[in-house]
Structures are given as structure tokens and as C-alpha cells.
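Chain by chain, the residues:
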Protein chains: 2
Amino acid sequence: MPKKTSYKSDIEIAQEAAMLPISHIAGLLGIDEEDWEPYGRYKAKLSLNLFQKLETKQEGRVVLVTSINPTPAGEGKSTVTVGLGQAFNRIGKQAVVALREPSLGPSMGIKGGAAGGGYSQVMPMEEINLHFTGDIHAITTANNALAALIDNHIHQGNTLHIDPRKVVWKRVLDMNDRALRQIVVGLGGPLQGVPREDGFDITVASEIMAIFCLSTSVKDLKNRLAKMVIAYDYSDRPVTAGDLGAEGALTLLLKDALMPNLVQTLENTPAIIHGGPFANIAHGCNSIIATKLASKLGEIVVTESGFGADLGAEKFLNIKARYGSIKPSAVVVVATVRALKMHGGLAKDQLADVNMDALKKGMPNLEKHLHTLKQFGVPAVVAINRFVNDDQQEVDFILQWCSENGVKAAEANVWLNGGSGGEELARTVLHVMETADNTYKPLYELNLPLEDKIRTICQNVYGADDVQFSPKALKQLSQFTSLGWGMLPVCMAKTQYSLSDDPKKLGRPEKFTIAIRELKASIGAGFIVALTGDVMTMPGLPKRPAAMDMDVTDDGKAAGLF
Amino acid sequence: MPKKTSYKSDIEIAQEAAMLPISHIAGLLGIDEEDWEPYGRYKAKLSLNLFQKLETKQEGRVVLVTSINPTPAGEGKSTVTVGLGQAFNRIGKQAVVALREPSLGPSMGIKGGAAGGGYSQVMPMEEINLHFTGDIHAITTANNALAALIDNHIHQGNTLHIDPRKVVWKRVLDMNDRALRQIVVGLGGPLQGVPREDGFDITVASEIMAIFCLSTSVKDLKNRLAKMVIAYDYSDRPVTAGDLGAEGALTLLLKDALMPNLVQTLENTPAIIHGGPFANIAHGCNSIIATKLASKLGEIVVTESGFGADLGAEKFLNIKARYGSIKPSAVVVVATVRALKMHGGLAKDQLADVNMDALKKGMPNLEKHLHTLKQFGVPAVVAINRFVNDDQQEVDFILQWCSENGVKAAEANVWLNGGSGGEELARTVLHVMETADNTYKPLYELNLPLEDKIRTICQNVYGADDVQFSPKALKQLSQFTSLGWGMLPVCMAKTQYSLSDDPKKLGRPEKFTIAIRELKASIGAGFIVALTGDVMTMPGLPKRPAAMDMDVTDDGKAAGLF
């Protein structure tokens, strides 16, 4: 984000904004009073009964916002998503923004907030960035209730013969807490349970978060929860949450959270913020329920997926869209001058000056993502997210490149100007949706063997020459296939910084191999996770955590959230 | 609770009840729309600005509900509290019920719910028993954010010289999870933090929960959070959350939770449910803010404290009332025929038949609690909470005993009949408040040495002959005094089942000594905890957890919560 003293901070803009009562926003979408519940004055939970009521209504178009591989320069994908939604409304299209719920852990660490930026934010940003409506807390609670039930089962006689060395269910906190990554629990003698190695993940990396986002109803949620593999027994057979009889209690803990959250943007565009799985270990998209409901309520849904198109968009198109029967009408790929120059080899402190050479060298990163989207058959539009110090010459170069390569593109000035800065982008997306061919289908069929699904993604999406499976991964491939899990889609766990599995290889790396270290069965979520390299499932705090700046002012306002 | 097939279950009664919109309840109390925020249709958070607005309004009377020592027979303190509030409203007194927030952990274990029972419940009981408005989740998060900041500080250079062997701050979950009582964290090498012994408590046992309940404003909250002792350094000097600079972030995480929650009873009596510390390790009372606000909003506040009068009421009268400048007008001591017979020596399966002898033998337990309350100078009323199978002869015996001993008493039929079953009790309490002497003051002055405060409670409240301090406790007495903490009140941690520190000694034990094992400094909460025997700060789940019965029905209703 551009930070000059002459610009207001995100929280200053947010605290000055005039929000409308949430009843007004619900009214804009034609939602009856019986179908939403207030959470404070500016948040509401929407009833799942709306799906029945709106059964015959035509679904609106779904626009997915993704980006090039993220860099420390910042891409502003959420900002563009919010700004584009605002812009659609300005040009007369009823748009609904559908975003992920921010995780509190990273906010306490480095990030500050995660609700867009500048004049393209969702509101009330402090509450969204803190506890919001408690959905993530409900997921944490359900996850840890299951963990307690597992250890209690082992302690109380272990009739399921769970091997304590093979409990795969981890506890979670919505916190960056590296000291909890590897722990030993159950110490202190026979009254304190059975000692075993364990660890905590961050909540947004949990399978329950993924399930929450892939479920299409309360019933589907319960079925998926029952299928979660929590451990293996002494004969190496999988033990599920259903074997433990836990799915009813977990569903009860999650039932209210499953109602999508309605809020608004700075320009009073309706926004539904619901679910937020990590895009590395999980699939990185907001909930299917939210996206589907938004498409029933609006003419256009603008939604985003995590990290770059190699992770979030691939998973949206191969996993979420498949389970949710969602057909995306267009994909917006966010790029910035600064990020492309980093892909072209510059360091973060070298971005201030014009450098056409670095920019040119960075373009292949964008090119590869556009190439990937073409394979999915979905029309793409490039959004150049303007930073206030960007040089026009550099912006024009990207526009020119797009034009020469037959790709539609537009600037987005949404950080500085809100929706009005995104109107050109909105018109471009609209035009593409109305005119371009859309032959969207997932990149692989489900009956392809797991190994081949992984190869397809690595070669076609990442551009790898080959895939190498570790002996452990090979063993798991055959184990998982024999357990009947071969028909599931694959959820890749890979660094977000590079198309390869080496975070240092920016741009468009070539001649590389992806190493698959290990697989993980997320049977409730309905995918097999393939882990490449070291994927962080519990972040740590930096030397000076952002929490040090957080405060409440004497007049009761939040401070230091960004 | 009586369970016959001819009676409806708590959840059946609750799900049939006609709740009024929470706007209506707020209106009953004269609260302007700007001073409350809805959380769903039947819950609201009340603004702390109300204190300023109501500054000149006279405070209503505070009635504290406590009980004899709890037994497995059940006493029904919350049920009587709710029923008495309903009864006051029926006889024309604007009453507000002020209760603690139920902890989810025990609900998943044995208890089911904790929102009263029968026709004296608070509503919506499912939500109150599950996540409610998220206050306990906020406390869990603040507690664990501090833990992460501590371990991160040690990992990142440890400029405060914290001795990792002397970190006293524990992590928490709102869960019964024995496997987390004793753990080792920070394993896995230099990138995963510094290994040390650690453990989780249940959230309601945390100092932050106690602080939350003893704070009188956001500013007071922040000051108290800064004072929390989190560790000792290599020179054995205390290190506080303030030394770490964490109090701003923790206050931010707690600021919305600090607004009290307004709900209603089955008879639409306003109820404020806010805060819920354990009554063993902490002080066992709902928040000062809630009790004070309720006393500004109603003519009479009916509130409760945890466990028996030896724990909850003692701490209400010595700690909460002192910090909150609350003068209780009367104390109701709940007793049941069944529980008194257990104090008289019967087992739980022997309670069905009339047994005057056992009842007589059990009376001294009640007698001792009445004796204790006399020392505080506060008028007491005995409430005999009727179970439907109680024999009138036994009930009459208790009434007769009270009459002979100069104690006002009344039956409470509130489980079966709601408020109408509590009218006699309400009139009795009203009469006592209007006529009896009230010379309430705490049992000890703050300038009494810690050791003498502990002796005062053990001898005057428990009836102990003597107090024995372990060598460790003696060392801590002198350490804490030299650190300037000698002026704080004492929060006793003792079994709730007996007046002594031996849970098996029911009735009114005599000739016993209380053994003080260890002290704990809760400087933010503002008390020194004195631990006797083994006090459970992280419960475990039973062989068949209540969670096994929890479910969501096909039409979306909660099931199995009681």
C-alpha cells in the first residue's frame, strides 16, 4: 500500500466512513426481515432458508479475482475485489462482494488487517479484523472439541484401538504461535491422559475450516465432518470422527457459524464475508454457501481466492467450483508494476525508480497465469492495481503487452478513488463476460489417478518438467488409492511466492521439478493434500509483533490495526 | 432436576417458549436504541455509556443467591435465581437477573447446559450454552495471544531475561481436555521456539476471566491487564504483561466483550449474563459491570455466585463487593431436601424415601453457611428449592428449623411453576430487605497480613481449627509480601463439596485443619490465590461425554444440550 503522510490510513478512512444500517443493506438485496439476524448494527447473519426461497431465481455471474505470485511489494487482491464490486454498482449492476474472513493470528503478527485498503474496504473493518461474528472461534472450538474427544477416548479404554502414535488430528488456535508447532501432551501420569507427540496448527489451516467452506448445507456439513480421518488404528485402518460419534456435537458447534455474514463496503456495496481457509494447506476460498447465496442475491458476485493463480485460482477452479457447481464467468488477474518488477529481479528497496527492463523481465509471471486460465477455458482480464507512485510509462507498458497478447486489461485506481477508480475495469470485465468464449471445465477428471492429477497441476499450472514423489508419498499414493480415496481432487500445498516449490525462484521459472514430500487425507473436505517443501501450518510472530501497536484509545476506539 | 416422562425437558420447554424481541426487553428497562446492539434477535450487548447516562439514578437492591455445599443431588441455584427474578416481576418489582456465562467445556462433558431449569430458564438457552455472544472466545484469544507473545519474546532474544522455567502464564481453552494439563512446548529445534514445560487451563479459570469480571471500565481493564504477572526473570523479579507491552492488544481483543449481554427469562424478565470465572481458582461471580448496570436498570438485581456460600458468597462479599462498591441487601441460601439428606450421610440412590434422620443430620451444613453470612452482617433467607418428588414432611421440617433458629425461609417451586412458584420467596426476601438490619462489611481489612486473611476465612467461614502452610506457601507469603502484594484480598481455591479441604467430609465437619499448598499471584485480578488440596483448573471428559448426545436435527434445531 502507498503510505505517504498526505494520504489517510486505512483505519482513518474506515472510522470516518458513513455506514448504512445493515437492515438497509439487506433491504437492497431484497432479503426479508425473517431471513437475516443482526450482529451489532452493521453485521448480519443470513438464513440458509434463502436458498429455498430463491430456488427459482437465476444465478448471477461469478467473477473470480486472483493475482500473479505475491511479493513483498503487495498486490492488493482484496482491494481490487472490493473496488471492482463498488465499480459494478456504480455502472448499474447489482454486485455483491464475497470475501474470506481474516484470520486473527497473522493480524497480530505482521499484516495488520485484511479487509481491503484505502477507499476499497469492507466495513466495519475493526470488527471484521478482530472477532467478527465468531465463525473462526466456532471452528477452533469444534476442532479442539474433537481433539479432546480423541484423547479422552484413548484414555478411557480406547475401544477403537487408536494408535496414539498415529493420531493425525491436530489441535488449532487462531494465533501465530510457533511454540505450539511441536509439543508433547498427556504428561503427568495416568490421571492426565496418554502421552503422545502432538502439535497445533492455525485454525485457518484446519480441515474443519475447509469443510466449512465446501459444505452446501448443514446436512452436507455433518456428513463431511463424520468422514474426517482423525487417526489410524493398530492395524493401520483409518478411524474417523464418525467412528467416534462426534459429528453431531461438531455440527451443533458450527451450525450458527454456517450462516453467511453480510456487511458492506465503504460505498455501501453489499459484501458477504464467510470462511477463510489458508490457500497453501487448504483450498483458500471463501465458503461455497456464501458464493452461491451471493450469486442468488446479486447480478454479479466478485469473489477472490488466496495467493496467486497457481494456488487459489487453481483450487477455486478444480475444487470449489466443482463441489459447488459454480461456473465462473471471468477471472481477473491482479498485477502491479511493483510486483512485476520484483518478479523481474529487483529488491523491495529498488522499486521507486522507473525500470522498464525489470518490468519486462517480470512479465512472464503474469503470462504463465494467463496461460493457465486459458487451459481452464475461462476468460481472463488483467487488472493493473495502481499505486499512487506508479509511473504511467510502466503502466502503459503492461497495457500494451496485454493488447499485443490478445488479453483484455484495465487499470484499477480503487485504493485511491474507490469504485470510480474501477469503472473501466468493471466495463472491461462486463464486456468480456458478454462476448468471450467460456468453455470452463476443471483441469482434470476425478477418475484420473491421484498421481496423474498431481502431475497435471505441476506441469500445466506450475510449468514443471517433472514431479518427484518421496518414498513416503509413493507409499501413501498406493495406500490412499486402496482405501478408495483415489477419486478425490488434489489440494496442492506449495509456497505462494514462486510457481515452483522454491520460494526464491520468482518470475517464470523453467526446468524445475516439483518434489512431493508427503500426502495428507482430508476426506471430510474431500481432497488429498499434496505437500511440497516446508509448508507452514502454524506461523510464528516476528521480532516486533503488530500486536505491540494495538490499543484502545481513551474514547474507546480501536487503534493500531494496520 | 426431577426427570419423569410426564415432565418436559429443559430444552423442550425452552424451544416452546415465546421470546419477545430483545428490543422489547431493552425498552422495558428504558434503554435507548443507541445504547444497545443486537446479537441475533434475542440477545443484545449494552453500551458502557449507560453508566454515564444513569449516573444520577439510584441503584437498585442487590440480592445474592448462594447455596449449601453442592452435592450430586443438585441444588438448582441458577434455577432459583431466575425464578426469584421472575417472581419479583410478578409482584410488581422491576427485577433484573444477573448470571454468569456458562463455560462450554463442562457442557460437553457432564453438565449439559447451565441456564437454569424447568420453567425458570434464561433464553435463548441453546445459544447461551454454546457460543453466546463470543465473550469467552474473546477471553481465550486474549489469554493465548499473551502466551504467544511471551514465547515469542523468549525466542526473539529475551531482553526481559524471562526464565523459561518460571513462566507462570498458562494457555487456555474453553474445553475439558485433560491431555493438555501438562505438556512440553517449543520442541523441534531452534526454529520452533524455546522448549519448556507448560499446560492449558480451562478459560474460566484464567486470570483474564477474573479481571474481566472485576473491572469497572475499559481503562480499569487495561490497567489490570498490564499488572498481570506472567513470569519471573533470572533474578526472580516478576515480569508483567505491561513489561511486554501487551495490554493494548489484549484490551482491544476484549473491548467489545466487556459490554454486558442482555437476554430474557422464560417469563420475559430481563437477564444480564456476563462473565463466568470458576469459583474454585477464581472468584466465581459474574462481572461487576453487569451487576452494577443491572442495579442501575432495575429496582432489584438477583445475582448468584458459584458453588456454596463458603466459596462463591465469601468471594462475592470479600472481593467482588469490595472492588465494585456493591452493598448486597440480602443473601438467599438455596437448600434442597435431597442435598441436605446427602450431607446427612445418604448416597444418591437413597434419596427417594423420606428419611428425617438423615435430613436432621444434614442441617448443620446449612446452619454453618447462615452463621457465616451473619458474620458479614448481611441478612439471609433460606430458599427450599422444591423437587417434584420431595415429601412435604421433610420440607416442613426445614421450615420449622429455620423458624426456630430465627431465620426467614420460604419454599421455591420455580422449576415446576416458574415465577409464580417463587412469589412467597420474593415476598420474604422483600420483607427481610425492608426490615432486617444490614451491617454488611467484608470479613477482613485489607491491611491484615495475607496469612491472617487466610486464617480468617478458614476459621470463620469453613470452621477450621487451624491452618497449615507448606514450606513453599510460607516462602511465597514472605516473597509476595515483600513485593508489596500483601494488601490484596485472598481468593481461596478449595473443593466445593466440603466446608473442609477434603471433598468427602460432608455436613459440617469439625476439628480439621486446612492445608495451604501453594499461593498464586493474580495481581491483575487483584487477589492472591491460596490453593488447598488439588484444585482442578483443567477438567477432563467422562467415559461417555455429553457431547455424544449433541446433534442438530434435520429441521436445524439443537438437540442433546441437556
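Keep in mind that what you see is a predicted model, and the values were worked out from it rather than measured.

**Brief notes about the overall build of chain A**
Point 1. In terms of helices and strands, chain A carries 19 helices and 25 strands.
Point 2. Relative to the 2.2 N^0.38 estimate, which gives 24 Å for 562 residues, the radius of gyration of chain A is 23 Å and therefore close to what a compact globule would have.
Point 3. Each of the three principal axes of chain A carries a C-alpha extent, and together these read 70 × 55 × 50 Å.
Point 4. Residue burial in chain A is summarised as follows: out of 562 residues, 64% are buried.
Point 5. Summarising the internal contacts of chain A: among those between residues at least 6 apart in sequence, 75% fall at separations of at least 24.
Point 6. Working note: accessible area of chain A is about 19,300 Å², and carbon and sulfur atoms make up 48% of it.
Point 7. Taken as two groups, the 58 positive and 62 negative side-chain charges of chain A have centres that lie 3 Å from each other.

**Focus: the relation of the copies chain B and chain A**
What connects the two chain copies is a rotation about an axis and a shift along it.
Point 1. Of the transformation placing chain B onto chain A, the axial shift is 0.0 Å and the rotation is 180°, giving an RMSD of 0.0 Å. Seen this way, the second copy is the image of the first under a two-fold rotation axis. When each C-alpha of chain B is compared by its distance to the rotation axis, Tyr39 of chain B comes out closest, at 2.1 Å.
Point 2. Both copies share a contact surface, since 99% of the interface residues of chain B are interface residues in chain A too.

**Comments concerning the sheet that holds strand S13 (residues 238-240) of chain A**
Residues and elements named next belong to chain A.
Point 1. If you walk across this open sheet you meet the three strands as S7-S12-S13, and the pairing is antiparallel. On the outer flanks of this sheet lie strand S7 (162-167) and S13, each paired with one strand and no other. Geometrically, the sheet is characterised by an average inter-axis angle of 50° between neighbouring strands, direction not taken into account.
Point 2. Where strand S12 (residues 229-233) meets S13, three bridges bridge the pair, whose relative direction is antiparallel. By the bridge assignment for S13, Val229 is matched with Thr240.

**Considering the confidence of the model for chain A**
Point 1. Confidence in the prediction of chain A, expressed as mean pLDDT, is 95, and 98% of residues score 70 or more.
Point 2. Here the prediction assigns the complex a pTM of 0.96, and the interface score ipTM is 0.95.

**Details of the interface of chain B and chain A**
Point 1. In this complex, chain B contributes 71 residues to the contact, which on the side of chain A involves 70 residues.
Point 2. Of the roughly 5,900 Å² buried between chain B and chain A, counting both surfaces, carbon and sulfur atoms make up 61%.
Point 3. Looking at the side of chain B facing chain A, the largest losses of area belong to Arg41, Arg178 and Leu252 of chain B, adding up to 11% of the total buried there.
Point 4. Our count for the chain B to chain A interface comes out at six salt bridges.
Point 5. Residue Lys222 of chain B pairs with Asp551 of chain A through a salt bridge whose shortest N-O separation is 2.8 Å.
Point 6. Our enumeration of links across chain B and chain A arrives at 37 residue pairs in polar contact (both at pLDDT 80 or more).
Point 7. The element that contributes the greatest number of residues to the side of chain B that touches chain A is helix H7 (residues 135-155) of chain B, accounting for ten residues.
Point 8. Partitioned by chemical class, the residues of the side of chain B that touches chain A number 36 nonpolar, 18 polar and 17 charged.

**Observations concerning the pattern of salt bridges**
Point 1. In total, this model carries 72 salt bridges over all chains according to the counting rule given.
Point 2. Arg508 of chain A is the salt-bridge partner of Glu367 of chain A, the closest N and O atoms lying 3.8 Å from each other. With a gap of 141 residues between them, Glu367 of chain A in helix H14 (residues 356-376) and Arg508 of chain A in the loop between strand S21 (490-493) and strand S22 (513-522) connect regions that are remote in the sequence.
Point 3. When the shortest N-O distance is used, the salt bridge between Arg517 of chain A and Glu518 of chain A registers 3.5 Å.
Point 4. Through salt bridges with shared partners, one network takes in Asp151, Arg171, Arg196 and Asp198 of chain A together with Asp177 of chain B.

**A look at the environment of Pro124 of chain A**
Residues and elements named next belong to chain A.
Point 1. Here Pro124 shows up in the loop between strand S6 (120-123) and helix H6 (125-129).
Point 2. Taking relative accessible area as the criterion, Pro124 reaches 3% and is therefore assigned buried.
Point 3. Separated by 105 residues in sequence, Pro124 and Met19 have C-alpha atoms that sit 8.1 Å apart.
Point 4. Non-local contacts of Pro124, meaning those with residues more than four positions away in its chain, are made with Met19, Tyr42, Lys43 and Val263.

**A short note on the state of the cysteines**
Point 1. Scanning the model with the defined rule gives zero disulfides over all chains in all.
Point 2. The thiol of Cys285 of chain A is unpaired, and the distance to the nearest cysteine sulfur, on Cys213 of chain A, comes to 8.3 Å.
Point 3. We classify Cys285 of chain A as buried; its relative accessible area is 0%.
Point 4. Cysteine Cys491 of chain B remains unbridged, with the sulfur of Cys285 of chain B as its closest cysteine sulfur at 9.2 Å.
Point 5. By relative accessible area, Cys491 of chain B is classed as buried at 0%.

**Observations regarding the packing of aromatic side chains**
Aromatic ring pairs: the centre-centre distance and the angle between the two ring planes describe each pair.
Point 1. Under the defined criterion, the tally for this structure stands at six aromatic pairs over all chains.
Point 2. For the pair Phe480 of chain A and Trp485 of chain A, a centre-to-centre distance of 5.1 Å together with 65° between the ring planes defines the contact as edge-to-face.
Point 3. Given the relative accessible area of 9%, Trp485 of chain A is considered buried.
Point 4. Seen from their ring centres, Tyr7 of chain B and Trp415 of chain B are 5.9 Å apart, and the 70° between their planes marks the pair as edge-to-face. Residue Tyr7 of chain B is found in the segment before helix H1 (10-16), and its partner Trp415 of chain B is found in helix H16 (residues 414-417); the two are separated by 408 residues along the sequence.
Point 5. A relative accessible area of 27% places Tyr7 of chain B in the partly exposed class.
Point 6. For Trp415 of chain B, a relative accessible area of 5% corresponds to the buried category.
Point 7. Above the face of the Tyr323 of chain A ring, Arg224 of chain A is positioned so that its terminal group lies 4.7 Å from the ring centre.

**Focus on the pairing of strand S23 (residues 527-532) of chain A**
Residues and elements named next belong to chain A.
Point 1. With six of its six residues buried, S23 lies for the most part within the structure.
Point 2. The side-chain alternation of S23 yields two buried faces, one formed by Phe527, Val529 and Leu531 and the other by Ile528, Ala530 and Thr532.
Point 3. In the sheet, S22 pairs with S23 via six bridges, with the strands oriented antiparallel. The residue of S23 that forms the bridge with Ala521 is Ile528.
Point 4. The antiparallel pairing of S22 with S23 creates a hairpin that spans four residues between the two strands, and Gly526 there sits at a positive phi of about 90°.

What counts as what
In every chain, residue numbers begin from 1 and rise along the written sequence. Whichever chain is written first becomes A and whichever ligand is written first becomes 1, with later ones labelled in order. Per-residue local features are limited, in this predicted model, to residues with pLDDT of at least 70; the limit for side-chain atom pairs, both in listing and counting, is 80 or more; totals at the level of whole chains, interfaces and linings are taken over all residues. Calculated side-chain values reflect all of the structure's heavy atoms, with hydrogen atoms and water omitted. Put simply, DSSP H or I for four residues or longer makes a helix, DSSP E for two residues or longer makes a strand, and each gets a number counted from the N terminus. In this treatment the radius of gyration is a C-alpha quantity, and the globule benchmark scales as 2.2 Å times the residue count to the 0.38 power. Exposure classes here rest on a 1.4 Å probe applied to the protein chains alone. A residue is buried below 20% of its type maximum, exposed above 50%, and partly exposed in between. The contact definition used throughout considers only heavy atoms, calling two residues in contact when any of these lie within 4.5 Å. For accessible areas, the Shrake-Rupley method is used with a probe of radius 1.4 Å. Any residue's cover is judged against the shown protein chains and nothing else. Only four residue types enter the tally: Lys and Arg on the positive side, Asp and Glu on the negative side, with His and both chain ends excluded. Here the site of a charge means atom NZ of a Lys, CZ of an Arg, CG of an Asp or CD of a Glu. Here the copies are superposed with least squares, the fitted atoms being C-alpha atoms of residues at a pLDDT of at least 70 in both. Here, strands pair whenever DSSP counts at least two bridges between them. Note on geometry: axes are C-alpha line fits, over the in-contact stretch for helices, and angles between N-to-C directions span 0 to 180 degrees. The quantity known as pLDDT measures the predictor's confidence residue by residue, on a range of 0 to 100. Here the quantity called buried area is the accessible surface, traced with a 1.4 Å probe, that two parts lose on coming together, added over both. For this analysis, a salt bridge means a side-chain nitrogen from Lys or Arg found within 4 Å of a carboxyl oxygen belonging to Asp or Glu. Whenever a nitrogen or oxygen atom comes within 3.5 Å of another N or O atom, the pair is scored as a polar contact, on the condition that within protein one atom can donate a hydrogen and the other can accept it, and that pairs from neighbouring residues in sequence are kept only if both atoms are in side chains. Polar here means any residue outside two lists: the nonpolar Ala, Val, Leu, Ile, Met, Phe, Trp, Tyr, Cys and Pro, and the charged Asp, Glu, Lys and Arg; Gly therefore counts as polar. A pair of sulfur atoms, both from cysteines and within 2.5 Å, is called a disulfide here. Two rings from Phe, Tyr or Trp (for Trp, the six-membered ring) form a pair when their centres sit within 6.5 Å of each other. Planes less than 30 degrees apart are called stacked, planes more than 60 degrees apart edge-to-face, and all others tilted. Charge-over-ring contacts are defined here by two conditions on Lys NZ or Arg CZ: a distance within 6 Å of the ring centre and an angle within 35 degrees of the ring normal.

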